[in-house]
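Residue-level listing of the chains:
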Amino acid sequence: MTIRQLSVFAENKPGTLVRITKTLGDAGVDIRAMSLADTQDFGILRLITSDPVKAGKVLADIGCVTSVTEVLAVEIPNRPGAMTELVTLLGEHEINIEYLYAFITVSGQNAYVVLRVKNPAQAETVLCGAGLCLIGEEDINKL
């Protein structure tokens, strides 16, 4: 079970992030999770939103270059060592993680890890086989 992540190629200058987040907010799109990786001139903003299709459209309308990527979201316990267990499991099955980021909810009981791998179906089999719960877009929108 994959979820859609919106990636935004953003110029690294004051006001860019404000323009992006304001555009999404004005369109009624909620940001559920985000990660920003930068270089000197540009950054890649990765977003999990309540409506990735609408988010992509409204950002394209203001001139942003966007793409939608299928990623996995897995629920892990919010405790020391849980991330190590997750990445160890994937490593033992020779599944390379291209990138990941995590977030927790208000309850703080679980953390949610968004990760990009080359073969999501293989990773899903491994994760579910280990008893980990993958979450979908509907689950994220309920958080």
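Residues numbered from 1 in each chain as written. Predicted model: local features only at pLDDT ≥ 70, side-chain atom pairs only at ≥ 80, totals over all residues. Heavy atoms only, no water.

Enquirer: Looking at this model, I keep getting lost on the packing of aromatic side chains. Mind explaining?
Expert: Any pair of aromatic rings gets described here by the distance separating the centres and the angle formed by the planes. One pass over the structure, following the stated rule, counts 2 aromatic pairs. Relative to Phe42, the ring of Phe9 lies with its centre 4.8 Å away and its plane at 15°, an arrangement referred to as stacked. Taken together, the residues Phe9 in strand S1 (residues 3–11) and Phe42 in strand S3 (residues 42–49) connect sequence positions 33 residues apart. Take Phe9: its relative accessible area is 44%, and that puts it in the partly exposed class. (Phe/Tyr/Trp six-rings, centres within 6.5 Å; stacked < 30°, edge-to-face > 60°. Helix = DSSP H or I, 4+ residues; strand = E, 2+ residues; numbered from the N terminus. Buried < 20%, exposed > 50% of the residue type's maximum accessible area, 1.4 Å probe, protein only.)

Enquirer: Teacher, can you tell me more about the pattern of salt bridges here?
Expert: Should the charged atoms of two oppositely charged side chains come close, the side chains can pair. Scanning the entire structure with this criterion turns up 7 salt bridges. Residue Arg4 pairs with Glu137 through a salt bridge whose shortest N-O separation is 2.6 Å. With Arg4 in strand S1 and Glu137 in helix H5 (residues 137–142), this residue pair connects regions lying 133 residues apart in the sequence. Overall, the relative accessible area of 29% leaves Arg4 in the partly exposed class. (Salt bridge = Lys/Arg side-chain N within 4 Å of Asp/Glu carboxyl O.)

Enquirer: I keep staring at the packing of helix H1 (residues 16–26) against helix H2 (residues 52–61) and nothing clicks. Help me out?
Expert: The description of two packed helices rests on the angle between their axes and on the distance between the axes. The interhelical angle for the contact between H1 and H2, taken along N-to-C directions, is 125°, at an axis separation of 10 Å. Here H2 runs oblique to H1, going by the angle between their axes. Considering how the two elements wind past one another, H1 and H2 form a crossing that is right-handed. Touching Ile20, Thr23 and Leu24 of H1 are Ala55, Val58 and Leu59, all from H2. Taken together, the residues of the contact of H1 with H2 break down into 5 nonpolar, 1 polar and no charged. (Axes fitted to C-alpha atoms, helices over the stretch in contact; angles between N-to-C directions. Parallel < 35°, antiparallel > 145°, perpendicular 65-115°, else oblique. Left-handed = near helix turned anticlockwise from the far one by under 90°. Contact = heavy atoms within 4.5 Å. Nonpolar A, V, L, I, M, F, W, Y, C, P; charged D, E, K, R; others polar.)

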